[in-house]
Amino acid sequence: YSKLVGYLFENFKKKLNYTLPSAPYTAESFDEKGRMILARPNTWMSYEGNESVFGQVNVGDGTISSDVVEYLTEYKRFVEEKGAKVYFVAPPVYAGAVISTEECFAKLLQNAEEQLGIPYISDPEAYFFPNDWIFDTPYHCTSVGEERRTELLISDLNKILENK
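Rules behind the numbers
Residues numbered from 1 in each chain as written. Predicted model: local features only at pLDDT ≥ 70, side-chain atom pairs only at ≥ 80, totals over all residues. Heavy atoms only, no water. Core = buried A, V, L, I, M, F, W, Y, C linked by side-chain atoms within 4.5 Å. Buried < 20%, exposed > 50% of the residue type's maximum accessible area, 1.4 Å probe, protein only. Helix = DSSP H or I, 4+ residues; strand = E, 2+ residues; numbered from the N terminus. Contact = heavy atoms within 4.5 Å. Salt bridge = Lys/Arg side-chain N within 4 Å of Asp/Glu carboxyl O. Expected span 1.5 Å × (residues − 1). Arc of directions from axis to C-beta. Polar contact = N/O pair within 3.5 Å; in protein donor to acceptor, adjacent residues only side chain to side chain. Phe/Tyr/Trp six-rings, centres within 6.5 Å; stacked < 30°, edge-to-face > 60°. Patch = residues over 30% accessible without salt bridge, like charges linked within 9 Å, V, L, I, M, F, W, Y side chains within 5 Å. Areas by Shrake-Rupley, 256 points an atom, 1.4 Å probe, with all protein chains shown as cover. Lys, Arg positive; Asp, Glu negative; His and termini not counted. Charge placed at Lys NZ, Arg CZ, Asp CG, Glu CD.

Caption draft 1: Local environment of the nonpolar core. Core analysis: the biggest nonpolar cluster contains 16 residues, and Val57 and Tyr94 have the highest contact counts within it. Contributions of two or more residues to this core are made by β1 (93–94) and α4 (102–116). Contacts of tyrosine 94, omitting those with residues within four sequence positions, involve Met45, Tyr47, Glu48, Phe129, Pro130, Asn131, Ile134 and Pro138.

This is the structure in structure tokens:
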């Protein structure tokens, strides 16, 4: 876990040191807790024709590699020993970048629950966003996309709370 925590702090430190005055990842774009506060009304991403630059969303055949299973199993144990629970939620992604089939996503969710014992509490397709909700990469939201993602996440978490 020290590598993960170290990476997070290094990444946050880099964000604070960006100096371009109008870039979206300057220190001014984040509050004191590292949350983005920059208004992002429009997409900056031109995905079509630039797939090689932005990449594609591909979960393969839904297989989870053994090193990931090992890491997440240990992480889940660590979290549960602290009295918390671990859930998977889908990330927001640009719908046009998704190349995996519904069956592949279903297999990934099934494997996550069977191999890791970590429930996947969201429908990945609900998080496939249109271009105008995506900011500068297939995974970064505009302000409107951020609001929609927050609404989806709250709904997903409320389902867990309702089932207790």
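Caption draft 2: Quick peek at the pattern of salt bridges. Here the structure, examined in full by the defined rule, presents seven salt bridges. In this structure, glutamate 80 engages lysine 76 in a salt bridge whose closest nitrogen and oxygen atoms are separated by 3.3 Å. Of the two residues, glutamate 80 and lysine 76 are both situated in helix α3 (residues 66–81); the distance of four residues between them amounts to about one turn of the helix. Owing to a relative accessible area of 36%, glutamate 80 belongs among the partly exposed residues under this scheme. In this structure lysine 76 comes out as buried when scored by relative accessible area, which is 16%.

Caption draft 3: Geometry of α4. With 15 residues, α4 extends 21 Å between its outermost C-alpha atoms, agreeing within 8% with the 21 Å of an ideal straight helix rising 1.5 Å per residue. Among the residues making up α4, those that are buried are Cys104, Phe105, Leu108, Leu109, Asn111, Ala112 and Leu116. On an axial view of α4, the arc spanned by its buried residues comes to 160°, and they lie on one face. Exposed residues on α4 whose side chains face more than 90 degrees from its buried face are Glu102, Glu103 and Glu114. Of the residues trailing α4, glycine 117 is marked for its positive phi of about 70°.

Caption draft 4: Geometry of the side chain of asparagine 111. With respect to the element layout, asparagine 111 can be found in helix α4. Here asparagine 111 falls in the buried class, since its relative accessible area comes to 8%. A polar contact of 2.7 Å, which involves the side chain of asparagine 111, links it to the backbone oxygen of glycine 62. Once you skip the residues sitting within four places of it in the chain, asparagine 111 turns out to touch Gly62, Thr63, Ile64 and Leu116.

Caption draft 5: Main features of the environment of glutamate 51. Looking at the element boundaries, glutamate 51 is found in helix α2 (residues 51–54). Classification of glutamate 51 by relative accessible area gives partly exposed; the value is 30%. Along the chain, glutamate 51 and glycine 96 lie 45 residues apart, while their C-alpha atoms are 9.7 Å from each other.

Caption draft 6: Here's a closer look at the packing of aromatic side chains. Under the criterion given, the structure shown has seven aromatic pairs. Through a chain of ring-to-ring contacts, the aromatic side chains of Tyr47, Phe54 and Tyr94 assemble into a single cluster.

Caption draft 7: Summary view of the environment of isoleucine 160. Looking at the element boundaries, isoleucine 160 is found in helix α5 (residues 143–162). Residues isoleucine 160 and tyrosine 87 lie 73 residues apart in sequence; the distance between their C-alpha atoms is 9.6 Å. Excluding residues within four positions of it along the chain, isoleucine 160 makes contact with Tyr87 and Ile121.

Caption draft 8: A negative patch on the surface, seen in detail. Residues Glu102, Glu103, Asp123 and Glu125 make up a contiguous surface patch of negative charge. As for its position among the elements, glutamate 103 is in helix α4. When its relative accessible area of 57% is taken as the criterion, glutamate 103 is described as exposed.

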